[in-house]
Amino acid sequence: MPSETIATSLVAGVDGVRGGWVLAVTAVVGGSAVEFSVWDTLGELWAEARARDLLVVGFDMPVGLPGTERRTADIEARELLQARRSSLFWTPPLCTLDAADYAEANLRSRRQTDRGLSAQTFALMPKIRELRAALAPGDFAPEAWPRAVEVHPESSFVRLAGAPMASSKHKLAGLQERSAVLAGAFPNIAEAALLDRLTGPLEPGLDDLLDAAAAAWTARRIMVGEADCLGAGEQDETGYPMHIWV
C-alpha cells in the first residue's frame, strides 16, 4: 500500500465497558483527531470496522489464552509497567473459558496450573468469550483487513510517555496525567472525550475513552512499523495469538 494511502487511512482502539464496547477511530498520520463511538455488541463494532475499512484495530482484551504456563507477553508487559504492573491481570488459562461460575473457573485453574484465578480476572471472561466468538484467529493475521491485535493501554502509555504513569487511572490525577499525555497524539482528545461521554446509549467512563485512544495510538505504531510485539510468535491451542502490541 502506498505511503500516502496509509497516512490517510484509519485505525482504531477498542476498550470493553459495562454493557458494551468503546471504539476510538483515528488516522494513521500522527497528530490526527480521534473520534469515539459506543457499541452494544462486539459483532456490531466489528461490522463497523469492516465497513469503514479500518487497517488495524487494537483490542484491550486478551484473546489468546495460555495452558499451564504464564503468557510471555504478560510477563514482559509487567516488567515494562514497573510500579503499575498490577494494572495487568494475569490472563486466565484456556481451561477456564467455559466455566459456569467463578468457583468452577478457580478450581479448574488450580487443577491445571497450580494457581488460583482472581475475581478480577474472571470478570473479564464474558468479554473474552464475546471477542473470541466475533473474531476468528485469522482476523489477527498480519494480512487480515481489518487486522485485529491485542493491546494493553497502560503499557501503551509507558511507550507514549516514556515512563509508567505516576497515578492510577481511577484517580483524578491519573486521568489528568493520561489526558495530557494523549493530547500530544490527539489534539482534540479533551473535547472528544467530553462530548462522547454525554451521548449514546452507553455511558463509558473517561478512563475507558482514554484507554481506547491509547489502543488506537498503538494501532498507528503498528502501521508505521514502530510498535513492539511482546510474546511474539506464541499462540494458544486454538490458534489465537498470545501477543501484546505496544
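Below you will find a few notes about this structure. (Residues numbered from 1 in each chain as written. Predicted model: local features only at pLDDT ≥ 70, side-chain atom pairs only at ≥ 80, totals over all residues. Heavy atoms only, no water.)

What about the pairing of strand S2 (residues 20–27)?
So, step 1. Taking burial as the measure, the eight residues of S2 include eight buried ones, the bulk of the element.
So, step 2. Where strand S1 (residues 10–17) meets S2, eight bridges bridge the pair, whose relative direction is antiparallel. Counted as the bridge partner of Asp 15 is Val 22 from S2.
So, step 3. Hairpin connection, S1 to S2: the antiparallel pair is bridged by two residues, and Gly 19 has positive phi, about 85°. (Buried < 20%, exposed > 50% of the residue type's maximum accessible area, 1.4 Å probe, protein only. Helix = DSSP H or I, 4+ residues; strand = E, 2+ residues; numbered from the N terminus. Pairing = 2+ DSSP bridges.)

Quick look at the packing of helix H8 (residues 172–183) against helix H10 (residues 206–223)
So, step 1. Look at H8 against H10: their axes get within 10 Å of each other, and the N-to-C directions meet at 30°. Accordingly, the angle class assigned to the pair H8 and H10 is roughly parallel. Seen along the crossing, H8 lies across H10 with a hand that is left-handed. Contacts from Leu 175, Arg 178, Ser 179 and Leu 182 of H8 reach H10 at Leu 206, Asp 207, Leu 210, Ala 213 and Ala 214.
So, step 2. Here the contact of H8 with H10 is composed, by residue class, of six nonpolar, one polar and two charged. (Axes fitted to C-alpha atoms, helices over the stretch in contact; angles between N-to-C directions. Parallel < 35°, antiparallel > 145°, perpendicular 65-115°, else oblique. Left-handed = near helix turned anticlockwise from the far one by under 90°. Contact = heavy atoms within 4.5 Å. Nonpolar A, V, L, I, M, F, W, Y, C, P; charged D, E, K, R; others polar.)

Details of the nonpolar core
So, step 1. Counting 29 residues, the largest nonpolar core has Val 57, Phe 59 and Leu 135 as the members making the most contacts within it.
So, step 2. Only S1, S2, helix H2 (42–51), strand S4 (56–60) and helix H6 (125–134) provide two or more residues apiece to this core.
So, step 3. Aside from chain neighbours lying at most four places away, what touches Val 57 is Ala 12, Val 14, Trp 46, Ala 49, Pro 146, Arg 147, Ala 148 and Val 149.
So, step 4. Val 22, Val 34, Phe 157 and Phe 186 belong to the second largest nonpolar core, which has 23 residues in total. (Core = buried A, V, L, I, M, F, W, Y, C linked by side-chain atoms within 4.5 Å.)

Describing the sheet that holds S4
So, step 1. Strand order in the open sheet formed by five strands is S3-S2-S1-S4-S5, and the pairing between neighbours is mixed. Each of the sheet's edge strands pairs with one partner strand only, and the pair in question is strand S3 (34–39) and strand S5 (147–150). On average, adjacent strands in this sheet sit at an angle of 25° to one another, irrespective of strand direction.
So, step 2. Sheet strands touched by H6: S1, S2 and S4. Its angle to S2, the strand with the most contacts, is close to 55°.

A closer look at the environment of Gly 162
So, step 1. Mapped onto the secondary structure, Gly 162 falls in the loop between helix H7 (153–161) and H8.
So, step 2. Note: C-alpha distance between Gly 162 and Ala 173 (11 residues apart in sequence) is 18 Å.

Regarding the packing of aromatic side chains
So, step 1. One pass over the full model with this rule turns up three aromatic pairs.
So, step 2. Look at Trp 46 and Phe 59: their rings are 5.9 Å apart centre to centre, the planes differ by 50°, and that puts the pair in the tilted class. Linking Trp 46 in helix H2 with Phe 59 in strand S4, this pair joins segments that are 13 residues apart in sequence. We note that Trp 46, like Phe 59, is buried.
So, step 3. For the ring pair Phe 140 and Tyr 240, a centre distance of 6.0 Å and an interplane angle of 80° mean the geometry is edge-to-face. Of the two residues, Phe 140 is situated in the loop between H6 and S5 and Tyr 240 in the loop between strand S6 (229–230) and strand S7 (244–245); the sequence distance between them amounts to 100 residues.
So, step 4. Taking relative accessible area as the criterion, Phe 140 reaches 8% and is therefore assigned buried.
So, step 5. Tyr 240 sits in the buried class, given a relative accessible area of 6%.
So, step 6. Between Arg 70 and the ring centre of Trp 90, over which it is positioned, the NZ or CZ distance is 4.2 Å.
So, step 7. Against the face of Trp 21 rests Lys 127, its NZ or CZ located 4.5 Å from the ring centre. (Phe/Tyr/Trp six-rings, centres within 6.5 Å; stacked < 30°, edge-to-face > 60°. Lys NZ or Arg CZ within 6 Å of the ring centre and 35° of its normal.)

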